[in-house]
Amino acid sequence: MALRLRPVTVCFLVVFSGVFSFPLGQQKKETTCGYQSCHATKPDMLNVHLVPHTHDDVGWLKTVDQYYYGDRNNIQHAGVQYILDSVVDQLLKNPDRRFIYVETAFFYRWWKQQSSSMQQTVKQLVDEGRLEFVNGGWCMSDEATTHYSAVIDQMTLGLRFLNETFGVCGRPRVAWHIDPFGHAREHASMFAQMGFDGFFFGRVDYQDRARRMKDKEQELLWRASSSLTPPMADLFTGILPNGYNPPDGFCWDQLCDDAPIRDDPDLEDYNVDDVVTRFLKAANTQALAYKTNHIIMTMGSDFQYENANLWYKNLDKLILYVNANQSSGSKVNLLYSTPSCYLQELHRANLTWPLKEDDFFPYADAAHDFWTGYFTSRPALKRYERISNSNLQTCNQLEVLGGPASRKGPFGAGDSQTLSKAMAVAQHHDAVSGTEKQHVANDYAKRLAEGWQHCQVLVSNSLASLRGSSAEIIYCDNLNISVCPLTEFSVGVYNPLAHPVTWPVRLPVNGTAYGVTDATGKPVDSQVCVLPRFISIRRFVTAALVQAPPLGFSTYFVSLTQDQPPPPSSPQRGAPPVIQNKYLQVTFDPDTGLLSGLSNLETKQTIKLTQNFYWYNSSRGNNAESKQPSGAYIFRPNSSTPLVVSKTAKVQSFQVKHSVVQEVRQRFSPWVSQVVRLYADSKALELEWTVGPVPINDWQGKEVITRLDTSIKTSQLFYTDSNGREVLQRRKDFRPTWELKQTEPIAGNYYPINSRAFLKDDEDQLTVVTDRSQGGSSLQNGSLEIMLHRRLLFDDYRGVDEALNEASEIFPDGLVVRGRLFLTLDHPASAADTHRPLAQQVVLQPLLTFTDGDLSPETQLEFSGLQAALPSAVHLLTLSQWDKDSVLLRLEHQFQSDESQVNSRPVTVNLQLHWFCFSEEKLMLKEFEDPSVTEVTLRPMEIRTFLLRVSRR
């Protein structure tokens, strides 16, 4: 691999290599943080670890700003700045007290506003282990709907701040996901690779919890990868006893109603004896469900400790009076503690723990209350977050490739940090999950848009530097709905992948005949397509297949050749019997207009394949069995049989006679349509669906799905990915670690699909790659359904207090959502060779930029940051500016150990292979005598992180 830069005085040397993280600051000799700061326990007693904490959502019912400042308390009383003020004040009053904090997004804001003397005070608290950070990410990310690359980025942002501010004592030792609604195996794998010693969370399925409490298996070893060699992805995991709340009767926050400890016997209502008795009962009852003589209690909850004196004054008394009973024979010992101190005691117990190898999805908190609706909730926001992730990676890469000129150049001052922080906030478990109030969802989207505006300046500066041209660069961010206002223009295609791509580009235009040429002036096959009104508000679109080099760009020129009616390849009524390219053949039923079959012409595979759209009527929560309705979190249909939108599709086919694209356009109803699209040289069939406004004139909420029914013999098995990485096997009405009593036959079988799902038997595998996170299932053999859109009329009583009924200025009658599914058909042994790179291409799509008119002759039209593409198994996960002298590089092996005969093997990349630096006109190459310094071997699913030092002359 070689990174080629334009002639600037920069060269790159490898200075750090690690697994997934970055160098930690040096620990001061006088610090007693971490495990050294733990209070002593008593081996012959039940030790109760009291953990004061607050759970501060980075947006939910209020925006992140409103939560920080304590604004809009008519919605929810919460002000994070006051929490941190109050906690620090109370920690200083008693050195025994402890507090843990999680959300770095809030702490970062608060820290910037403190005086230097206060900052020094807080550093002392951290150095002494009295204030401890856990988890440490910018937010507490969702685990079902987040892509692993965005999770890594937001964790890096938060952990870096803690490291640079507090050094080793700022390093969290445990992951802490007390509120996410189910837990992904890939999250545990990432946390293990980040170096966390343990993982604690609060929510687990009610049936799973009951079984684990009975068998004392609420603490376990999670083996979170089937590819990484143990213990690389092994992580000790604990399920907290009360979610993340205190035991009943012992909440002493200003938001609670429990009685304080009244310990003056001369005053009315003295209650110390009662409090001690009740607490001893609660502690001993909890201990029955755990294996050691140590238990943990979370003393806090949502946005608590705004008046920390209330909590600490009562906790001081609780510890004093409960421990005083030891002189009378009590065997219960209370202490202020932290999750890491509790974890240390479990490790010292030297027990054998149960092993878990699957995940914690789906999550239900009651028989009819499955939290599987949020897998799809707010599908437009989910797509925008995924697009923003791609934009951020492009922005980061071009900041590196363009050098300092990218941050300040002909287009002004640009930055990547604004979008980075907006993306980090968007990973919160009430953000991309779609479980926030509407005004908060709008705020998340606004932040992403503003971040992209900052990045556009940076990207423009970088491209100007790399191209040697300061011609204005135009971004058409609404290409899916509107025309880019250009007639004669050039298109820059930047590829953020480390492999060359061929990508279909569709450009909305006003004219009917355009020519496209590449950087050498060679004509490129293109076609102007006429779009029916039910597909788009656009009228014409130019389609072409473009190519871009790895980590680089190419330039194409589009010109209006004539303005006349489109050529004879105009739409025709009725579905064609077949469309095909050299890889795939797609057949349609001439009577229904629906898909009927799919063939891989290379491997000579054929399956029956039908596809249609359906909806589930949402439960209104008014039946006799349960009053639980569908809502932002919960999916609860009122019937197990979905209703078909239409048994037939009105069809127009658009078949061009040359090599660009073939399309079949299907209309199922005024609110559901689809384009079946097959590009030349593509091994994937594209289904571009449009759904909305979902009708509610019958006062009935609807949850819209598409279902693919195949001839594949699946034996009730199907497969879904975890956060876009490893794939897990699913089975209908089954959980690997307990005997499931199924109470919701549809919702109870839904799983998150982050980037792909597939069906397979011994011969055939149909893989569906998605363009956003969605929910899905296989409810019949050979069938796969994916939920696309939800429009609901009731709240689901989980705190949002708002129905999921989206509209906008553009769509006042209800949200219209468009998306794409990509279908591939292969033999199971080779399917990953297609779907792995395809999924990366869908996540990191080429960025299109436009320039009006002609470019100057000196403009560089093609560029690649690599001398050669990376091996097919290796993905460039991160390339970003770390500081003015360093660049952060992450490489990953993107295949599992057992899914490809070609790519599921270790790959060695030599980082010293032509890292160029330029000084004026003299080319210099830095060589390393010891190849072990720069040769990196990646095993399946392994991620490696490096810092590259930039040397300037």
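Predicted model, so just to flag it, every value in this text is computed and none were measured.

### Looking at the overall build of the protein
Thought 1: Per the secondary structure count, the protein includes 14 helices and 48 strands.
Thought 2: Over its C-alpha atoms, taken along the principal directions, the protein stretches across nearly 100 × 75 × 50 Å.
Thought 3: Sequence separation of at least 24 residues holds for 76% of the intrachain contacts in the protein that already meet a minimum separation of 6.
Thought 4: Here the protein has roughly 34600 Å² of accessible surface; of this, 49% comes from carbon and sulfur atoms.
Thought 5: With 92 positive and 106 negative side-chain charges, the protein shows a separation of 3 Å between the mean positions of the two kinds.

### Looking at the confidence of the model for the protein
Thought 1: Residues with a pLDDT of 70 or more make up 90% of the protein, whose mean pLDDT is 91.
Thought 2: Of the regions scoring below 50 in pLDDT, residues 1-20 engages in 102 contacts with residues more than four places distant in sequence or in other chains.
Thought 3: The low-confidence segment residues 914-929 (pLDDT under 50) makes 45 contacts with residues lying over four places distant or belonging to another chain.

### Some points on unusual backbone geometry
Thought 1: The omega angle of the peptide bond from Pro230 to Pro231 is 5°, so this bond is cis rather than trans.
Thought 2: Examined against the element boundaries, Pro231 turns out to sit in the loop between strand S7 (219-223) and strand S8 (234-239).
Thought 3: One non-glycine residue, Arg378, adopts positive backbone phi at about 55°.
Thought 4: Checked against the element boundaries, Arg378 lands in the loop between strand S11 (355-356) and helix H11 (379-402).
Thought 5: On the accessibility criterion, Arg378 (2% relative accessible area) is buried.
Thought 6: Even without being a glycine, Asn723 presents a positive backbone phi close to 55°.

### Quick word on helix H4 (residues 116-127)
Thought 1: The end-to-end C-alpha distance of H4 is 16 Å, a good match for the 16 Å that twelve residues give at a rise of 1.5 Å each.
Thought 2: Considered for burial, the residues of H4 that qualify are Gln119, Val122, Leu125, Val126 and Asp127.
Thought 3: Here the buried face of H4 lies against helix H2 (80-91), helix H3 (104-112), strand S4 (131-133) and helix H5 (148-166).
Thought 4: Downstream of H4 by a residue or two, Gly129 has a phi angle that is positive, lying close to 75°.

### What to know about the pattern of salt bridges
Thought 1: By the definition in use, this model includes 45 salt bridges.
Thought 2: Note that Asp698 and Lys702 form a salt bridge whose closest N and O atoms lie 2.9 Å from each other.
Thought 3: For Lys702, a relative accessible area of 3% corresponds to the buried category.

### A short note on the nonpolar core
As a rule of thumb, nonpolar side chains are buried together in soluble globular proteins.
Thought 1: With 143 residues, the main nonpolar core has Val48, Leu50, Phe107, Phe279, Tyr305 and Leu318 as its most contacted residues.
Thought 2: If we ignore the near neighbours within four places in the chain, the residues touching Leu318 are Leu50, Trp252, Ile261, Val275, Phe279 and Leu334.
Thought 3: Counting 44 residues, the second largest nonpolar core, distinct from the first, contains Ala150, Leu458, Tyr475 and Leu889.

### Quick word on the packing of aromatic side chains
Thought 1: Enumeration over the complete set of coordinates arrives at 45 aromatic pairs.
Thought 2: Arranged with centres 6.0 Å apart and planes meeting at 50°, the rings of Tyr312 and Tyr336 form a pair that is tilted. Here Tyr336 lies in strand S10 (residues 332-336) and Tyr312 lies in helix H9 (residues 308-324), a separation of 24 residues in the sequence. Each member of the pair, Tyr312 together with Tyr336, is buried.
Thought 3: With a centroid separation of 4.9 Å and 20° between ring planes, the pair formed by Tyr719 and Phe758 is classed as stacked. Residue Tyr719 is located in strand S32 (residues 717-721), and its partner Phe758 is located in strand S35 (residues 756-760); the two are separated by 39 residues in the primary sequence. For the pair Tyr719 and Phe758, one class covers both residues: buried.
Thought 4: Linked through ring pairs, Tyr101, Phe107, Tyr108, Trp110, Trp111, Phe133, Trp138, Phe161 and Phe166 together constitute an aromatic cluster.
Thought 5: Between the NZ or CZ atom of Lys356 and the centre of the ring of Phe360, over which it lies, the distance is 4.3 Å.
Thought 6: Taking NZ or CZ as reference, Arg707 lies 4.4 Å from the ring centre of Tyr614, over its face.

### With respect to the pairing of S35
Thought 1: Of all the five residues making up S35, four are buried; the element is thus mostly covered by neighbouring parts of the structure.
Thought 2: The pairing of S32 with S35 spans two bridges and is classified as antiparallel. Bridged to Thr720 within S35 is Ala757.
Thought 3: From the end of S35 to the start of strand S36 (residues 765-770), which pair antiparallel, there are four residues.

### Details of the sheet that holds S11
Thought 1: With respect to topology, five strands assemble into an open sheet ordered S5-S6-S8-S7-S11, the strand pairing being mixed. In this open sheet, the two strands that pair with only one neighbour each are strand S5 (174-177) and S11.
Thought 2: Along the sheet face, helix H6 (residues 185-194) touches S5, strand S6 (198-201), S7 and S8 and points at about 120° away from the line of S8.

### Points about the sheet that holds strand S9 (residues 294-299)
Sheet strands pair by backbone hydrogen bonding; their relative direction is either parallel or antiparallel.
Thought 1: Strand order in the open sheet formed by three strands is S9-S2-S10, and the pairing between neighbours is parallel. Bordering the open sheet on either side are S9 and S10, each of which pairs with just one other strand. Strand after strand, the sheet turns through a mean of 25° between neighbouring axes, direction not considered.
Thought 2: Where strand S2 (residues 46-52) lies against S10, five bridges are found, and the strand directions are parallel. From the neighbouring strand, Asn47 faces S10, where its bridge partner is Asn333.
Thought 3: Of the strands in this sheet, S2, S9 and S10 are in contact with H9, which crosses S10 at around 150°.

### Describing the state of the cysteines
Thought 1: Using the criterion set out here, one finds four disulfides in the structure.
Thought 2: The disulfide that involves Cys33 links it to Cys169, with 2.0 Å between the sulfurs. Measuring handedness by torsion sign, the sulfur bridge of Cys33 and Cys169 sits at about -75° and is left-handed. Linking Cys33 in the loop between strand S1 (11-18) and S2 with Cys169 in the loop between H5 and S5, this pair joins segments that are 136 residues apart in sequence. Across the pair, exposure class does not vary: Cys33 and Cys169 are buried alike.
Thought 3: No disulfide involves Cys139; its sulfur sits 18 Å from the nearest other cysteine sulfur, which is in Cys455.

### Structural notes on a negative patch on the surface
Thought 1: A cluster of acidic residues, Glu472, Glu488, Asp852 and Asp854, forms a negative patch on the protein surface.
Thought 2: Summarising the element assignment, Glu488 is placed in the loop between helix H13 (438-467) and strand S14 (489-495).

### Structural notes on the side chain of Glu663
Thought 1: One can find Glu663 in strand S28 (residues 661-669).
Thought 2: Of note is the side chain of Glu663, whose polar atom sits 2.8 Å from the side chain of Arg506.
Thought 3: A distance of 2.8 Å separates polar atoms of two side chains, one belonging to Glu663 and the other to Arg677.

Cut-offs applied
Residues numbered from 1 in each chain as written. Predicted model: local features only at pLDDT ≥ 70, side-chain atom pairs only at ≥ 80, totals over all residues. Heavy atoms only, no water. Helix = DSSP H or I, 4+ residues; strand = E, 2+ residues; numbered from the N terminus. Contact = heavy atoms within 4.5 Å. Areas by Shrake-Rupley, 256 points an atom, 1.4 Å probe, with all protein chains shown as cover. Lys, Arg positive; Asp, Glu negative; His and termini not counted. Charge placed at Lys NZ, Arg CZ, Asp CG, Glu CD. pLDDT = per-residue confidence, 0-100. Buried < 20%, exposed > 50% of the residue type's maximum accessible area, 1.4 Å probe, protein only. Expected span 1.5 Å × (residues − 1). Salt bridge = Lys/Arg side-chain N within 4 Å of Asp/Glu carboxyl O. Core = buried A, V, L, I, M, F, W, Y, C linked by side-chain atoms within 4.5 Å. Phe/Tyr/Trp six-rings, centres within 6.5 Å; stacked < 30°, edge-to-face > 60°. Lys NZ or Arg CZ within 6 Å of the ring centre and 35° of its normal. Pairing = 2+ DSSP bridges. Axes fitted to C-alpha atoms, helices over the stretch in contact; angles between N-to-C directions. Disulfide = S-S within 2.5 Å. Patch = residues over 30% accessible without salt bridge, like charges linked within 9 Å, V, L, I, M, F, W, Y side chains within 5 Å. Polar contact = N/O pair within 3.5 Å; in protein donor to acceptor, adjacent residues only side chain to side chain.

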